[in-house]
Protein chains: 2
Amino acid sequence: MVQSSKKIQGVPEPTIRRMPSYLAFAEGLLRKGQQFVSSTQIANYMNIDPTQVTKDLSYTSIVGKTRVGYEVKALVDVLSEFLGFTIMDNAFLVGAGSLGSALLHDSGLSHFGLNIVAAFDVNSSTIGKKFNDIEVFHIDQFRDLSQEMNVVMGIITVPAENAQTVADLMVAWGIKAIWNFTPARIKVPEDIIVQNTTLYSNLAIIFNKLHNDRKEVQ
Amino acid sequence: MVQSSKKIQGVPEPTIRRMPSYLAFAEGLLRKGQQFVSSTQIANYMNIDPTQVTKDLSYTSIVGKTRVGYEVKALVDVLSEFLGFTIMDNAFLVGAGSLGSALLHDSGLSHFGLNIVAAFDVNSSTIGKKFNDIEVFHIDQFRDLSQEMNVVMGIITVPAENAQTVADLMVAWGIKAIWNFTPARIKVPEDIIVQNTTLYSNLAIIFNKLHNDRKEVQ
DNA sequence: AATCATTAAAGAAATTTTTCTTTAATGAAA
DNA sequence: TTTCATTAAAGAAAAATTTCTTTAATGATT
């Protein structure tokens with residue numbers, strides 16, 4: 001048993017995964033001018049059980065009104081706040097290839113509280129370029145820049161074989177959280193937060209359903 | 001209770017999610033020439049419990065050897081096969097923006113059994129372009145092309161507000177599975193497989209850890 | 001050859017997450 | 001004003017997933 005930071009029995013991860021979709025739905029309703037939304041309505045949109053929705057929302061401070069539902073505006077505010085989308089965190093991105101530059105272009109990230117302040121690469125053809133106003137520097141400049149900016153997150157979008165090297169660099173320069181887009185698993189000190197996001201996991205799930213259906217359903 | 005296709009108690013989704021990383025690790029060992037790998041070694045790499053690894057692998061046909069582990073080559077083959085990465089499926093991608101074109105550029109997808117045969121958009125500046133040899137057509141041509149090619153999967157990388165329209169189009173032209181990269185949830189007939197992949201869920205999880213750490217750990 | 005330590009595998013136990021059930025509230029309809 | 005149907009919320013039950021425990025096998029060491 002590891003005696004370190006006992007995960008303080010927080011919000012279930014599946015709940016957190018669902019919340020951004022609740023938020024996206026609520027934002028849509030807000031734009032359309034709808035004032036209240038019921039758990040049933042949200043559940044119908046999400047294709048899940050209504051009690052799942054109320055349970056998920058019970059982790060936030062919002063209180064619903066019987067026979068009416070949740071106030072849409074309040075829901076948007078509470079979820080944005082709860083998900084940490086209202087706090088701006090600065091990030092560095094390493095690996096300005098196709099996936100990396102797609103992330104740089106995604107203004108959704110800054111809308112949700114992630115401010116990518118600089119990108120790094122080793123490929124001289126991309127260095128100096130700007131994507132969505134974010135400049136690409138040579139990886140050697142990582143040190144100078146991480147000092148002067150308040151950067152808490154590192155995004156890894158390099159080839160899998162270089163993921164560990166980049167992670168080590170990020171840790172060395174005081175980054176607190178790493179968002180790893182490679183299928184490689186990185187080793188970091190235990191106080192560093194790592195989130196692995198791999199497309200291939202999703203591909204595996206969809207294939208599993210697709211190929212099983214071919215076999216098992218009449 | 002819905003009386004339809006009772007999910008035939010398959011492999012747990014968390015297991016399937018982990019498998020691509022086992023595969024990536026095994027492929028690395030194979031390249032390095034390592035012949036056997038133990039669950040302990042895999043678990044150490046993944047930062048999970050070793051019994052989790054053996055349990056996960058027990059869903060495949062591989063059998064380990066006491067005091068030795070699993071044969072690396074066999075592990076690669078069994079996992080690739082199990083995950084459906086050896087079967088080639090054809091796909092259409094709709095929305096050749098930054099995320100869409102990043103996917104078109106990702107040769108990892110074709111390595112893992114996904115063959116994107118064409119892309120579609122409405123933006124005249126991208127139509128006619130080729131990304132990684134995949135041509136971008138106007139969405140109106142979707143029909144003609146889906147007829148002649150054997151396309152089973154549709155990938156949605158348009159803005160969230162257009163997701164449903166695109167999904168309807170895909171369903172109309174006989175697509176079996178949809179990989180939805182927008183935070184919007186789409187409504188499709190129940191025999192269509194949908195996999196939602198939203199970056200913001202992952203962002204929410206990492207923020208949750210990051211911001212909680214700030215608060216709760218001494 | 002005998003012992004030891006490491007491992008896979010199977011099943012039990014614990015934990016986590018989801019679904020079900022009950023209760024109380026209240027807007028709308030009669 | 002009364003009844004009805006819909007809803008949120010809380011807690012119980014069920015289901016799913018992970019972790020723990022035991023067993024048996026076997027390569028390495030003595």
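Predicted model, so just to flag it, every value in this text is computed and none were measured.

A. Quick peek at the overall build of chain A. When helices and strands are tallied, chain A shows 9 helices and 9 strands. Overall, chain A is about 60 × 50 × 45 Å in size when its C-alpha atoms are taken along their principal axes. Taking all 218 residues of chain A together, the buried fraction comes to 50%. For chain A, the accessible surface area stands at approximately 10900 Å², while carbon and sulfur atoms represent 50% of it. Of the charged side chains in chain A, 19 are positive and 21 negative; the average position of the first set lies 9 Å away from that of the second.

B. Main features of the pattern of salt bridges. All names here are of chain B. Scanning the model with the defined rule gives 6 salt bridges over all chains in all. Here K73 ties to D77 by a salt bridge, and the two come within 2.8 Å at their closest N and O atoms. One end of the pair is K73 and the other is D77, both in helix α4 (residues 72–82) and 4 residues apart, which spans about a single turn.

C. Region of the structure containing the relation of the copies chain A and chain B. Taken as rigid bodies, chain A and chain B are interconverted by a rotation of 180 degrees and an axial shift of 0.0 Å, the fit giving an RMSD of 0.0 Å. Such a combination of turn and shift is consistent with a two-fold rotation axis. The C-alpha atom lying nearest the rotation axis in chain A is that of A:A102; the distance is 3.0 Å. Comparing contact sets, 100% of the residues at the interface of chain A also lie at the interface in chain B, consistent with an isologous, same-surface contact.

D. Representation of the protein's contact with DNA strand D. Surrounding DNA strand D, one finds 22 residues, the nearest of these being A:S39, A:G64, A:T66, A:R67 and B:T66. Close to the protein, within 4 Å, the atoms of DNA strand D are drawn from sugar and phosphate at a rate of 60%. Within the contact set of DNA strand D, a sugar or linking oxygen lies 3.4 Å away from a side-chain nitrogen or oxygen of B:Q52. One of the side-chain N or O atoms of B:R67 is found 3.0 Å from a base nitrogen in DNA strand D. Going through the elements one at a time, α2 (39–46) of chain A together with α1 (13–32) and α3 (50–57) of chain B are the ones with two or more residues in the surface near DNA strand D. Of the residues in the surface near DNA strand D, the class split is 5 nonpolar, 9 polar and 8 charged.

E. Representation of helix α4 (residues 72–82) of chain A in the model. Residues and elements named next belong to chain A. For α4, the set of buried residues is V72, L75, V76, V78, L79 and S80. Looking at the buried residues of α4, the elements they touch are α1 (13–32), β1 (36–37), α2, α3 (50–58) and β2 (70–71). Trailing α4 by a residue or two, G84 shows a phi angle of about 80 degrees, which is positive.

F. Quick peek at the protein's contact with DNA strand C. Lining the immediate surroundings of DNA strand C are 22 residues, of which A:T66, B:S39, B:G64, B:T66 and B:R67 lie closest. Here DNA strand C approaches the protein such that, of its atoms within 4 Å, sugar and phosphate make up 60%. Between DNA strand C and B:K55 there is a distance of 2.9 Å, counted from a base oxygen to a side-chain nitrogen or oxygen. A distance of 2.8 Å is found between a phosphate oxygen of DNA strand C and a backbone nitrogen or oxygen belonging to B:G64. Contributing elements (two or more residues each) for the surface near DNA strand C: α1 and α3 of chain A together with α2 (39–46) of chain B. Per element, the largest residue contribution to the surface near DNA strand C is 3 residues, and it comes from α3(A). Residue composition of the surface near DNA strand C, by class: 5 nonpolar, 10 polar and 7 charged.

G. How the structure looks around the interface of chain A and chain B. Taken residue by residue, the interface counts 60 residues in chain A and 60 residues in chain B. Per-residue buried area on chain A facing chain B is highest for A:R185, A:Y200 and A:I206; these three make up 12% of the total on that side. For the interface between chain A and chain B, the tally reads 0 salt bridges. At the junction of chain A with chain B, the criterion picks out 18 residue pairs in polar contact (both at pLDDT 80 or more). Listed by contribution, the elements that provide at least two residues to the side of chain A that touches chain B are α1, α2, α5 (98–105), α6 (107–111), β7 (151–156), β8 (177–180), β9 (193–196) and α9 (199–216) of chain A.

H. Structural context of the pairing of β9(A). Residue and element names in this part refer to chain A. The alternating pattern of β9 places I193 and Q195 on a buried face and V194 and N196 on a face that is not buried. Pairing of β8 with β9, which is carried by 4 bridges, proceeds in the parallel orientation. Directly across from I178, in β9, lies its bridge partner V194.

I. Region of the structure containing the domain arrangement of chain A. Taken domain by domain, chain A comprises domain 1 (13–82) and domain 2 (89–201). Each of domain 1 of chain A and domain 2 of chain A has a C-alpha centre, and the two are 32 Å apart.

J. Just the side chain of A:S80, in detail. Residue and element names in this part refer to chain A. By secondary structure assignment, the location of S80 is in helix α4. Using a relative accessible area of 13% as the deciding quantity, one classes S80 as buried. In this structure S80 touches L23, F85 and T86, once residues within four positions along its chain are discounted.

K. Broad picture of the packing of α1(B) against α3(B). Residue and element names in this part refer to chain B. With their axes 10 Å apart at the nearest point, α1 and α3 run at an angle of 100 degrees to one another. One way to sum up the angle between α1 and α3 is to call them roughly perpendicular. Contacts between α1 and α3 involve T15, R18, M19 and Y22 on the former and, on the latter, Q52, V53, D56 and L57. Its residues assigned to classes, the contact of α1 with α3 comprises 4 nonpolar, 2 polar and 2 charged.

L. Quick look at the packing of aromatic side chains. On inspection of all chains with the given rule, the structure shows 18 aromatic pairs over all chains. Plain terms: the ring middles of B:F25 and B:Y45 are 4.0 Å apart, the flat faces sit at 10 degrees to each other, and that makes the pair stacked. Taken together, the residues B:F25 in helix α1 and B:Y45 in helix α2 connect sequence positions 20 residues apart. Residue classification places B:Y45 among the buried residues on the basis of a relative accessible area of 15%. Geometrically, the ring pair formed by B:W179 and B:F181 is tilted, given 4.8 Å between the ring centres and 40 degrees between the ring planes. Taken together, A:F85, A:F112, B:Y200 and B:F207 form an aromatic cluster joined through their ring pairs.

About the cut-offs
Residues numbered from 1 in each chain as written. Chains lettered and ligands numbered in written order. Predicted model: local features only at pLDDT ≥ 70, side-chain atom pairs only at ≥ 80, totals over all residues. Heavy atoms only, no water. Helix = DSSP H or I, 4+ residues; strand = E, 2+ residues; numbered from the N terminus. Buried < 20%, exposed > 50% of the residue type's maximum accessible area, 1.4 Å probe, protein only. Areas by Shrake-Rupley, 256 points an atom, 1.4 Å probe, with all protein chains shown as cover. Lys, Arg positive; Asp, Glu negative; His and termini not counted. Charge placed at Lys NZ, Arg CZ, Asp CG, Glu CD. Salt bridge = Lys/Arg side-chain N within 4 Å of Asp/Glu carboxyl O. Least-squares fit on C-alpha atoms with pLDDT ≥ 70 in both. Contact = heavy atoms within 4.5 Å. Near = heavy atom within 4 Å. Polar contact = N/O pair within 3.5 Å; in protein donor to acceptor, adjacent residues only side chain to side chain. Nonpolar A, V, L, I, M, F, W, Y, C, P; charged D, E, K, R; others polar. Buried area = accessible area lost by both parts, 1.4 Å probe. Pairing = 2+ DSSP bridges. Domains from an automatic or database assignment. Axes fitted to C-alpha atoms, helices over the stretch in contact; angles between N-to-C directions. Parallel < 35°, antiparallel > 145°, perpendicular 65-115°, else oblique. Phe/Tyr/Trp six-rings, centres within 6.5 Å; stacked < 30°, edge-to-face > 60°.

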